[in-house]
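Overview (structure and organization)
Below, each chain spelled out in residue letters.
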Number of protein chains: 2
Amino acid sequence: MPRPVRVAAAQVGRVDRNTPRSTVLVRLIALLEEADKQSVKLVVFPETTFTTFFPRYLIADETELDSYFEKEDAETGIVNSANVKSFFDKATQLGIDVAVGYAEKAPEGNYNTASYVSGGRTLAKYRKVHLPGSFEPFNDDPDTTNQLEKRYFKPGNFGFQAFRAPTLRHGTKSPIIGMLICNDRRWPEGWRCYGLQGVEIMCIGYNSVAWAPELLGTNSSMNRDASRQDALFHHKLVCQANAYTNATFCITAARCGWDDGKFELITGSMIIDPEGHIVAENKTDGDELIVADIDLDACQQGKSRTFAFEKHRRPEHYGVIVERAGVVEPSEVP
Amino acid sequence: MPRPVRVAAAQVGRVDRNTPRSTVLVRLIALLEEADKQSVKLVVFPETTFTTFFPRYLIADETELDSYFEKEDAETGIVNSANVKSFFDKATQLGIDVAVGYAEKAPEGNYNTASYVSGGRTLAKYRKVHLPGSFEPFNDDPDTTNQLEKRYFKPGNFGFQAFRAPTLRHGTKSPIIGMLICNDRRWPEGWRCYGLQGVEIMCIGYNSVAWAPELLGTNSSMNRDASRQDALFHHKLVCQANAYTNATFCITAARCGWDDGKFELITGSMIIDPEGHIVAENKTDGDELIVADIDLDACQQGKSRTFAFEKHRRPEHYGVIVERAGVVEPSEVP
C-alpha cells in the first residue's frame, strides 16, 4: 500500500556574523514559497537556521552571544518567538510541516535545538546530544575556525524521541519522524534509538566545515580541495549507511557557502532512500530547495527482512554500549 | 610513532557443494605462500573458508550436513583439527597470523565461527552473533538460494571480545583486533562494542549472495546486474562507515564466484583505513590476495578527535539499544 509524500531539504547558503535575522528570514520564506509552488509537504531546514554558525567564533561579548539564541514562548514554543515568528506563520499559512534548527535559550540552559512544527504547533523538539568540539578555543585569532559547541551549549537532555506527523498521513498510518543535528549523524547510537521506534523519515540539519586546518589535527598536509571532498565523503557515508541499516528515508539540509567570505561549509543536502541510495541532492552551494517524491512503504523491505530487528538483534551482547562512554583496551600481552 | 604492518585479505573463488576440503586446502595454502612471498604478517580468510556456503541448501541428510562442520580439539582448538591441520601448520611455519572462518561443531551446539591463530595457537575465537535468514527454507527446490543459518547455527555466545596480537607488535603496543562474520558487518552494535575496546584492525569474512530473487522480496523487479551492484554497494557502505565511526582499519575477505556454476556471490575483498577510505581491493572474482601496508598510528586521528568516545558519547540516552530487540512505534495520533 503506497504512502507517498513530497518532501524537501532547504539548503541555506552564506550567512555572515553580522547578517541580521530579518535578511535570513526573507530567504527562508522564499524557500517556503518555492516549496509551496512544488506542493511539498515537509521541508527540513539546517542547524542554527536563523543565524550564522556562531560556535566557530570565540565570543567574549555576552550581548553578542545572546543575540544568536532564540527565546521560546513558555506555552507555545518557538512558533511564537518574536524574532522568527514570520517564518513559522508562513509555514502554517502554506500548510507545510517544517523541521528547523536554532540555538535555544531555555530556563534550564542553552541548547542546540530543532523543532518540528506542523499547523502552527510544535509536534516535537530535539536537543543535540553529541556536541562536537571543545570548551576552550583552539586559539583567539579571529581568523581561526573554532568549534566551541561544548562552551555554548549543554548536551541535549531529551534523548531520541520519535514521533508521528499526522498531517502527512496516508490511510491509517502517520509517518514516524526522527531528528538529529549535525555531528549526531556520525553516531550510530542515535540512529538506532530512532530505528527501534520504527523511524521512517530522519531529518538532519548541519553546519560542517569544509576546511579548518586548525581542526584537522595531524592531517594538516591536506589541502583545501582534498579536505572539502573528504568532509563531504564522510557526511554522505554516515547518512547513507545509517539510513540503510535503519531502513529509513533521510533528509539532510546544509548551511553552506563561505560565511564572512572565509569560513567554508560543505554542501551535501540530500534525500536518501531506505536502501541508502541518494535520490536527490544539491546542485549549488547557495539557497536551494532539493525536492523528492518518496513512498514510505519502501521502508518495509528493510524493516521486514535484513533489518527485522526482533529476529536478528542480540541485545544481550550490546551491554558495553550503555555501560561506559569511553574506551577500555584489552590488556597488553606480556 | 609509526606502527606499520603488512596485511592481506585472502579472497577465495568458486567452491562447489561437492568440492572436497583437500582441494580447497591446496588453494588456501597457495594463498598463504603468496602472502609469505610478499612478507605479509596477517591474512584474513572468508566465512566458512574450507567448504562451500552450505546454508544456501536445504540439507536433509545428516551425514552430509555434518561433513561441512569442523570438530575442534578440546585443548588446542581448530589448529589441530585433522581435516584442516595442514592449513594451520603452513601458517605457523611461515609465521603468518590468520583469521579464518568455519562451521564449528561444539559440544554445546553448532556455530558460525572464526578463529584467530598465531604461531600455532588460537588467540581468540568469535562466534557469529547476527545470523541472517530463517529456520524454514524458502522452498525445497534444489535450484533455490536459501539462507538457513538460523536452522544450522546457534547465535554466537561469546559476544564481541577484542584481543591483542603480540606477533604484530611494534614498540610496546600490540594491535587490538576484532572479528565479525558476514551479516554482523551490517549491525553497528557489534562494531561499537569493539570500538569501545579500541579496535585497530577489524577482520571480516563473508559469503553474500549477488542475486537471489527468492530472497529479494518485494524488490523482485531487480535484474542480476542491479542486484549484484546493490549488494556490493551495501557491503562497502557498511564496512567503510563503521570503520570510520570506530576509527579502525578493516580487512574484508569474500568467498565469491559462482558456486555450483549457478549461485553467485559478491566480491568486495578490501582493506579500509580508519577514515573509511578503501586502500586496496580485489580485481578478480577468484582466488586473490589483496595486500596493503597499513600504519596503525593512523587510527589516532579519529580516536583522539571526532570519535574521542569519552568526550562525546552520551550512554544515558542509549538505553533502548539494550532494553529490547525489536521495534516499538510511537502511538498513532488521533
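Residues numbered from 1 in each chain as written. Chains lettered and ligands numbered in written order. Predicted model: local features only at pLDDT ≥ 70, side-chain atom pairs only at ≥ 80, totals over all residues. Heavy atoms only, no water.

**What about the interface of chain A and chain B?**
Quite often, the size of an interface is put as the accessible area lost when its parts meet. Note the following rule: Contact definition: two residues touch when any of their heavy atoms are within 4.5 Å. Joining two parts hides part of their accessible area as seen by a 1.4 Å probe, and the buried area is that hidden amount summed over both. Salt bridges, as used here, are contacts in which a Lys or Arg side-chain nitrogen is within 4 Å of a carboxyl oxygen on Asp or Glu. Polar contacts, as used here, are pairs of N or O atoms within 3.5 Å; protein pairs need one atom able to donate a hydrogen and one able to accept it. Residues neighboring in sequence count only if both atoms are side-chain atoms. For helices the rule is a DSSP run of H or I covering at least 4 residues; for strands it is a run of E covering at least 2, with both sets numbered from the N terminus onward.
Each partner contributes to the interface: chain A provides 77 residues, whereas chain B provides 77 residues. Summing the contributions of chain A and of chain B, the shared interface buries around 6600 Å²; its carbon and sulfur component is 60%. The three residues of chain A that bury the most area against chain B are A:Arg164, A:Trp187 and A:His317, which together make up 9% of that side's buried surface. One can count 12 salt bridges joining chain A with chain B. Between B:Glu332 and A:Arg169 there is a salt bridge whose closest N-O contact spans 3.6 Å. Linking chain A to chain B there are 38 residue pairs in polar contact (both at pLDDT 80 or more). Mapped by element, the contributors of at least two residues to the side of chain A that touches chain B are strand S7 (163–164), helix H5 (188–195), helix H6 (213–216), helix H7 (224–245), helix H9 (309–312) and helix H10 (320–323) of chain A.

**Focus: the packing of helix H5 (residues 188–195) of chain B against helix H7 (residues 224–245) of chain B**
All names here are of chain B. How we decide: Each axis is a line fitted through C-alpha atoms, taken for helices only over the stretch in contact, and angles between the N-to-C directions span 0 to 180 degrees. What sets the label is the angle itself: under 35 degrees gives roughly parallel, over 145 gives roughly antiparallel, 65 to 115 gives roughly perpendicular, and the rest give oblique. Less than a right angle of anticlockwise turn of the near helix away from the far helix marks a crossing as left-handed, whereas a clockwise turn marks it as right-handed. Residues are grouped as follows: Ala, Val, Leu, Ile, Met, Phe, Trp, Tyr, Cys and Pro are nonpolar; Asp, Glu, Lys and Arg are charged; every other residue, Gly included, is polar.
Where H5 contacts H7, the two axes come as close as 10 Å, and the packing angle between them is 30°. Our classification of the angle between H5 and H7 gives roughly parallel. Crossing geometry of H5 relative to H7 is assigned as right-handed. Of the residues in H7, those in contact with Pro 188, Trp 191 and Arg 192 of H5 are Val 238, Cys 239, Asn 242, Ala 243 and Thr 245. Of the residues in the contact of H5 with H7, the class split is 5 nonpolar, 2 polar and 1 charged.

**Brief notes about the sheet that holds strand S10 (residues 249–255) of chain B**
All names here are of chain B. The line we're drawing: One requirement defines pairing of two strands: DSSP has to find at least two bridges between them.
The 6 strands lie next to each other as S7-S8-S9-S10-S13-S14, forming an open sheet whose pairing is mixed. At either margin of the open sheet sits one strand with a lone partner, and together these are strand S7 (163–164) and strand S14 (278–281). Contacts from H5 reach strand S8 (176–181), strand S9 (201–207) and S10, with the element oriented near 165° to S8. Contacting S9, S10, strand S13 (270–272) and S14, H7 crosses the sheet at an angle of about 30° to S13.

**Concerning the pattern of salt bridges**
Just so we agree on the cut-off: Note on classification: 1.4 Å probe, protein chains only; a residue is buried when its accessible area is under 20% of the maximum for its type, exposed when over 50%, partly exposed between these limits.
With the rule as written, the count across this model stands at 64 salt bridges over all chains. With a shortest N-O distance of 2.9 Å, A:Glu72 and A:Lys125 are connected by a salt bridge. In this pair, A:Glu72 is assigned in the loop between strand S3 (69–71) and helix H3 (85–94) and A:Lys125 in strand S6 (residues 121–127), connecting sequence segments 53 residues apart. With a shortest N-O distance of 3.1 Å, B:Glu329 and A:Arg164 are connected by a salt bridge. Placement of B:Glu329 in the segment after helix H10 (320–323) and of A:Arg164 in strand S7 is noted, with the two residues assigned to different chains. The buried category is assigned to A:Arg164, whose relative accessible area is 8%. Here the salt bridges share partners, and the residues they tie into one network are A:Arg3, A:Arg164, A:Arg169, A:Lys173, A:Glu200, B:Glu329 and B:Glu332.

**Quick notes on H3(A)**
Turn by turn, an α-helix covers 3.6 residues, leaving residues three or four places apart pointing in a common direction. Residues and elements named next belong to chain A. Selection rule: Summarising the geometry, the arc corresponds to the directions from the helix axis toward the C-beta atoms.
Inspection of H3 places Phe 87, Phe 88, Lys 90, Ala 91 and Leu 94 among the buried residues, and these make up the whole buried set. Each buried residue of H3 lies within a common arc of 155° when the element is viewed along its axis, so the set occupies one face. After H3 finishes, the residue Gly 95 shows a positive phi value of roughly 70°.

**Notes on the relation of the copies chain A and chain B**
To be explicit about the condition: In this comparison the copies share one frame, found by least squares on the C-alpha atoms of residues holding pLDDT of at least 70 in both.
Overlay of chain A on chain B (RMSD 0.0 Å): rotation 180°, translation along the axis 0.0 Å. Put plainly, the chains are arranged around a two-fold axis. Of the interface residues in chain A, 100% have counterparts in chain B that sit at the interface too, so the contact is made through matching surfaces.

**Here we look at the sheet that holds S7(A)**
Residues and elements named next belong to chain A. In space, the 6 strands of this open sheet follow the order S7-S8-S9-S10-S13-S14, with mixed pairing throughout. Looking at strand neighbours, the two that pair on one side only are S7 and strand S14 (278–281), the edges of this open sheet. When strand S8 (residues 176–181) meets strand S9 (residues 201–207), the two strands line up parallel, connected through 5 bridges. Bridge pairing links Ile 177 to Ile 201 in S9. Along the sheet, H7 makes contact with S9, strand S10 (249–255), strand S13 (270–272) and S14, crossing S13 at roughly 30°.

**Describing the nonpolar core**
Keep this limit in mind: Joining through side-chain atoms within 4.5 Å is the link that ties buried Ala, Val, Leu, Ile, Met, Phe, Trp, Tyr and Cys residues into a set, and such a set is a nonpolar core.
Counting 124 residues, the largest nonpolar core has A:Tyr116, A:Met179, B:Tyr116 and B:Met179 as the members making the most contacts within it. With residues near it in sequence (within four places) discarded, B:Met179 still touches B:Ala99, B:Ala114, B:Ser115, B:Tyr116, B:Ala124, B:Lys125, B:Tyr126, B:Phe163, B:Tyr194, B:Met202 and B:Cys203.

**Examining the environment of A:Gly198**
Take A:Gly198: it is sitting in the loop between H5 and S9. Taking the relative accessible area as the measure of exposure, A:Gly198 reaches 3% and is therefore buried. Considered as a pair, A:Gly198 and A:Asn157 are 41 residues apart in the sequence and their alpha carbons are 21 Å apart. Those residues within four positions of A:Gly198 in sequence are excluded, and the remaining contacts are A:Ile176, A:Lys303 and B:Val327.

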